[in-house]
Amino acid sequence: MSTGTAAGATAWDKPHLPEHRVAASLAILVMIACQVALNDSLTFRPWWLLPGIESALFLALFWANPARITRESRVIRWLSLALVCVASLVTAFAAFKLVWQIATGRAESDPPMLLLNGGGIWLTNVVVFALWYWELDRGGPAARSKGRCPDPDFLFPQMTAPKLAGPGWHPQFLDYLYVSFTNATAFSPTDTMPLSRWAKMAMMLQSGVSLVTAALVIARAINILR
């Protein structure tokens, strides 16, 4: 049975009202704030360069679509992906430096500060992968609203049980943020399954980064307290 726009059915694969930008914008601002708050030893020098580039890209995207994500162009698409790439670089650099410092005994000796830095990196990791999932699933939010890409990269529960979802349901940023958060905490998919190979590899990479970061930070903090 096809999931159409009839009563009780979802419209995730049909044209629908474009998504509002507010949730993704707030997540990006929190991510940049966490990056700026990291210890100087974990940041790319100069510390303001990459967060500044992220902020500039964010402002350009906000100007293009200040409310709902309706405008679509190759330039906007590349700016969106560039923002996620820069954010990924910041997070990867900080995670690598933290793991290297812990492995070589040069990490922060104050447990609360170590946990704060580790938590900041973990949180940015969650937001970064949520942005990747949101931007790449079926061509991104603008393409999804136009219903141009019917083959999903993620299988949400509402897709298989349309009667449990509201009419016109379609995945939005908070759905992808939830997927990213649960994958980072459970180290595996929970209620949403990756379908495409890139989605599976992305979730595997996120689980690996989250596992290594959390395990090393907690172990180091416990060792210091002893």
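## With respect to the pattern of salt bridges
Part 1 of the reasoning: Scanning all chains against the criterion turns up 2 salt bridges.
Part 2 of the reasoning: A salt bridge links Lys-146 to Glu-72, with the shortest nitrogen-to-oxygen separation between them at 3.7 Å. With Lys-146 in helix 5 (residues 141–146) and Glu-72 in the loop between helix 2 (49–64) and helix 3 (74–103), this residue pair connects regions lying 74 residues apart in the sequence.
Part 3 of the reasoning: Take Lys-146: its relative accessible area is 35%, and that puts it in the partly exposed class.
Part 4 of the reasoning: Among the residues examined, Glu-72 registers a relative accessible area of 36% and is labelled partly exposed.

## Description of the packing of aromatic side chains
Part 1 of the reasoning: Applying the stated criterion across every chain yields a total of 10 aromatic pairs.
Part 2 of the reasoning: Ring centres of Trp-122 and Phe-181 lie 5.6 Å apart, and the angle between their planes is 85 degrees; this geometry places the pair in the edge-to-face category. Note that Trp-122 is positioned in helix 4 (residues 111–136) and Phe-181 in helix 7 (residues 173–186), a separation of 59 residues in sequence.
Part 3 of the reasoning: A residue is classified by how much of its surface remains accessible, and Phe-181, at 41% relative accessible area, is partly exposed.
Part 4 of the reasoning: Ring geometry for Phe-129 versus Tyr-133: centroids 6.2 Å apart, planes at 50 degrees, classification tilted. With a gap of 4 residues between them, Phe-129 and Tyr-133 both fall in helix 4, about one helical turn apart.
Part 5 of the reasoning: Taken together, the ring pairs connect Phe-129, Tyr-133, Phe-154, Phe-156, Trp-169, Tyr-176 and Trp-198 into an aromatic cluster.

## Brief notes about helix 1 (residues 22–37)
Each turn of an α-helix holds 3.6 residues, which means side chains three or four residues apart point in the same direction.
Part 1 of the reasoning: Taking 1.5 Å of rise per residue, 16 residues should cover 22 Å, and helix 1 covers 23 Å from first to last C-alpha, within 8% of that figure.
Part 2 of the reasoning: Within helix 1, the full set of buried residues consists of Ala-24, Ser-25, Ala-27, Ile-28, Met-31, Ile-32, Cys-34 and Gln-35.
Part 3 of the reasoning: Each element contacted by the buried residues of helix 1 is listed here: helix 2, helix 3, helix 4 and helix 7.

## Considerations on the state of the cysteines
Part 1 of the reasoning: If you walk through the whole model with that rule in mind, you get 0 disulfides.
Part 2 of the reasoning: Unpaired in this structure, Cys-34 has its nearest cysteine sulfur neighbour in Cys-85, at a distance of 20 Å.

## Overview of the nonpolar core
Part 1 of the reasoning: Met-31, Leu-131 and Tyr-133 are the most contacted members of the largest nonpolar core, which has 37 residues in total.
Part 2 of the reasoning: Elements with a minimum of two residues in this core: helix 1, helix 2, helix 3, helix 4, helix 7 and helix 8 (197–225).
Part 3 of the reasoning: No other element matches helix 4, which puts 7 residues into this core.
Part 4 of the reasoning: Excluding residues that lie within four positions of it along the chain, Leu-131 makes contacts with Ile-28, Met-31, Val-84 and Phe-173.
Part 5 of the reasoning: One finds Leu-42, Ile-102, Ala-107 and Leu-114 within the second-largest nonpolar core, a separate group that totals 11 residues.

## What to know about unusual backbone geometry
Part 1 of the reasoning: Arg-45 connects to Pro-46 through a cis peptide bond whose omega is -10 degrees.
Part 2 of the reasoning: Phi is positive for Arg-138, close to 50 degrees, though the residue is something other than glycine.
Part 3 of the reasoning: The residue Arg-138 is located in the loop between helix 4 and helix 5 in this model.
Part 4 of the reasoning: For Phe-187, which is not glycine, the phi dihedral falls at a positive 60 degrees.
Part 5 of the reasoning: On the secondary structure map, Phe-187 appears in the loop between helix 7 and strand 2 (193–194).

## Points about a nonpolar patch on the surface
Part 1 of the reasoning: On the surface, a cluster of nonpolar side chains totalling about 570 Å² of accessible area is made up of Val-36, Phe-44, Trp-47, Trp-48, Leu-49 and Ile-53.
Part 2 of the reasoning: Take Trp-47: it is sitting in the loop between helix 1 and helix 2.

Rules used throughout
- Residues numbered from 1 in each chain as written.
- Predicted model: local features only at pLDDT ≥ 70, side-chain atom pairs only at ≥ 80, totals over all residues.
- Heavy atoms only, no water.
- Salt bridge = Lys/Arg side-chain N within 4 Å of Asp/Glu carboxyl O.
- Helix = DSSP H or I, 4+ residues; strand = E, 2+ residues; numbered from the N terminus.
- Buried < 20%, exposed > 50% of the residue type's maximum accessible area, 1.4 Å probe, protein only.
- Phe/Tyr/Trp six-rings, centres within 6.5 Å; stacked < 30°, edge-to-face > 60°.
- Expected span 1.5 Å × (residues − 1).
- Contact = heavy atoms within 4.5 Å.
- Disulfide = S-S within 2.5 Å.
- Core = buried A, V, L, I, M, F, W, Y, C linked by side-chain atoms within 4.5 Å.
- Patch = residues over 30% accessible without salt bridge, like charges linked within 9 Å, V, L, I, M, F, W, Y side chains within 5 Å.
- Areas by Shrake-Rupley, 256 points an atom, 1.4 Å probe, with all protein chains shown as cover.

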